[in-house]
Every structure is written in C-alpha cells, then in structure tokens.
Amino acid sequence: MDEKDLLQFHNKHVAILDRTDKEAKKDYDRWYKYFIGKHWKVEDPDNPRPVVNFCRSAIRSTVSLLTDNKPIITAYPVDKADIDKSNLIRRIFDNIWDVNRCQEQLSLAEYDAGVFGTGYWKIFWDGNDVAIYVVPPEFIQVDPFATSIFDVQYCRQVSVMPIDTIKRILEKSKTKRQANIDSLKGDTRFDFSVDRKGLT
C-alpha cells in the first residue's frame, strides 16, 4: 500500500469511525452519571428523591475482587536449557509490571469496563522501554465492522497534545520518511524519476 492508498484508506475509515463512534458512545455520559449517583435529570431541593446507588457499589466490589491479587504472567521452560531464560523473562515481566504501576492501571481499566462496558490498556515502546497506561474508552475508536478482537483491522486513539508536540512528531516523521527515500536512491526498483504510467 503506497502513501496515496494509505491516505485514502485513512480518510475513508476516519469518516466511518466518527459516525459510528458517536452512536456507540451516546450513553457514556448517562452511565457515568449513574455511577456517581446522579440518577435524576432535574434536582428538586423541595422534593428530594433518595437513591441507593447499587451501580457504584457493584462496580467497586467487582473491581476489588478482580484486582485483589496480581495476575500471574510468567514464562515456563520447555527443557532444562531454558530455565535461566525463563527466569530472566519472569523478572522482566515483573519489572515491567512494577515500573508501569500495572496494578493501578488494571483497577482503572476495570472501573472503565464496569462503567462503560470496556476498558483499554495502551501498550507501546516509548523509545527506551515498554510503556503501559490506561486510555479512557471515550478516546478509543475501534473498527466498527469487527465482530471480535481478532477481526479488528484498525484502532484509533484520540488524544489532546500541545501544538509543539505535534510539530515535533511530524518533523521527526518527515525526517525519517526522507531518510527512507534517500536510502532507496540508486536502486532502480525505486527510481521515482522514471515515468511509470501504464506499468503494473
């Protein structure tokens, strides 16, 4: 897929995502209000309506049960030669868990799942190490045609960034793209000066 095709794919799917995402998340505000105890649209101080908030207590109890113990993420050796490697991998997993405060992140994602029906972790390489943090569901847009996690073709995270950060990312991307183009110069397979109209 060349850059033009990628841009067309992106624009087409962004339009679909924006349309379907709005419909999928239309109840998020109402669900959050239920969670924090705002069940009535109009507050009437002269006619108080007592509310027993089972939503909050149910979600808190569930999150507490699900996050009471640390999940076991481990590596088992296949044979005796792998014992040292599996121990190293186990220590790496534990370090990643601790450095990223994953027990807290797990609780946050479970709260999101309880309130909104889904919770997300963003796991990525930040240039130095594995980074993990929770992204609120309202900032994630998933392929609307996917019927399971295995069918997802794309996912988009919406985030607020300072203009300077965006400029720096775009400049870095432009520099990297130019370096890739420069590295292909001289290779006749990628000679972009040749008119390739009509060629397949």
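Scoring rules and cut-offs
- Residues numbered from 1 in each chain as written.
- Predicted model: local features only at pLDDT ≥ 70, side-chain atom pairs only at ≥ 80, totals over all residues.
- Heavy atoms only, no water.
- Helix = DSSP H or I, 4+ residues; strand = E, 2+ residues; numbered from the N terminus.
- Buried < 20%, exposed > 50% of the residue type's maximum accessible area, 1.4 Å probe, protein only.
- Contact = heavy atoms within 4.5 Å.
- Axes fitted to C-alpha atoms, helices over the stretch in contact; angles between N-to-C directions.
- Parallel < 35°, antiparallel > 145°, perpendicular 65-115°, else oblique.
- Core = buried A, V, L, I, M, F, W, Y, C linked by side-chain atoms within 4.5 Å.
- Salt bridge = Lys/Arg side-chain N within 4 Å of Asp/Glu carboxyl O.
- Pairing = 2+ DSSP bridges.
- Patch = residues over 30% accessible without salt bridge, like charges linked within 9 Å, V, L, I, M, F, W, Y side chains within 5 Å.
- Areas by Shrake-Rupley, 256 points an atom, 1.4 Å probe, with all protein chains shown as cover.
- Left-handed = near helix turned anticlockwise from the far one by under 90°.
- Nonpolar A, V, L, I, M, F, W, Y, C, P; charged D, E, K, R; others polar.
- Phe/Tyr/Trp six-rings, centres within 6.5 Å; stacked < 30°, edge-to-face > 60°.
- Lys NZ or Arg CZ within 6 Å of the ring centre and 35° of its normal.

Enquirer: Please clarify how the overall build of the protein chain should be interpreted in this entry.
Expert: Along its length, the protein chain carries six helices and four strands. Per-residue burial over the protein chain gives 17% buried out of 200 residues. The contacts in the protein chain between residues at least 6 apart in sequence include a share of 47% that link residues at least 24 apart.

Enquirer: Where do I start with the packing of helix α2 (residues 28-36) against helix α5 (residues 102-116) in this structure?
Expert: The axes of two packed helices give the description: the angle between them and the distance between them. In contact at an axis separation of 9 Å, α2 and α5 are set at 110° when each is read in the N-to-C sense. Here α2 is positioned roughly perpendicular relative to α5, judged by the angle of their axes. For the pair α2 and α5, contact is made by Y28, W31, Y32 and F35 and by Y111, V115 and F116, respectively.

Enquirer: Any chance you could explain the nonpolar core here in plain terms?
Expert: The tendency in soluble globular proteins is for nonpolar side chains to be buried side by side. Y28, F35, I59, V63, V115 and F116 form the largest nonpolar core, which has six residues in total. Ignoring any residue separated from it by four or fewer positions in sequence, one finds F116 in contact with Y28, W31, Y32, P137 and E138. Within the second largest apolar cluster, five residues are counted, among which are I96, W97, C102 and I132.

Enquirer: How should I be thinking about the pattern of salt bridges in this particular structure?
Expert: Close approach of charged atoms lets side chains of opposite charge pair. Within the structure shown, the criterion is met by five salt bridges. The structure contains a network of salt bridges with shared partners spanning K26, D27 and R30.

Enquirer: Just checking my understanding: could you explain the pairing of strand β2 (residues 130-135) for this structure?
Expert: Regular strands have side chains that alternate between both faces of the sheet. Relative to β2, strand β1 (residues 120-125) is paired through six bridges, and the arrangement is antiparallel. Note that in β2 the partner of W121 across the bridge is V134. In this structure, the hairpin formed by β1 and β2 is closed by a connection of four residues, where G127 is found at a positive phi of approximately 105°.

Enquirer: What am I meant to see in a nonpolar patch on the surface here?
Expert: Residues M161, I163, I166, I169 and L170 make up a contiguous nonpolar surface patch of about 460 Å² in total accessible area. Secondary-structure assignment places L170 in helix α6 (residues 163-184). For L170, a relative accessible area of 56% gives the class exposed.

Enquirer: I'm lost on the packing of helix α3 (residues 54-66) against α5 in this one. Help?
Expert: α5 packs onto α3 with a crossing angle of 140° between their chain directions and a minimal axis gap of 9 Å. Helix-helix and strand crossings are classified by hand; for α3 and α5 the assignment is right-handed. Residues I59, R60, V63 and L66 of α3 form the contact with α5, whose own contacting residues are S107, E110, Y111, G114 and V115. Residues that form the contact of α3 with α5 fall into these classes: five nonpolar, two polar and two charged.

Enquirer: Just checking my understanding: could you explain the packing of aromatic side chains for this structure?
Expert: Each aromatic ring pair is summarised here by two numbers: the centre-to-centre distance and the angle between the ring planes. This structure, assessed with the given rule, holds six aromatic pairs. Judged by centre distance (4.8 Å) and plane angle (40°), the rings of Y28 and F116 are tilted. In this pair, Y28 is assigned in helix α2 and F116 in helix α5, connecting sequence segments 88 residues apart. Here Y28 and F116 have matching classes, each one buried. Geometrically, the ring pair formed by F35 and Y111 is edge-to-face, given 6.1 Å between the ring centres and 65° between the ring planes. With a gap of 76 residues between them, F35 in helix α2 and Y111 in helix α5 connect regions that are remote in the sequence. For the cation-ring pair, R56 lies above F35, with the distance from its terminal atom to the ring centre recorded as 5.9 Å. The ring of F124 is capped by K122, whose NZ or CZ atom sits 5.1 Å from the centre of that ring.

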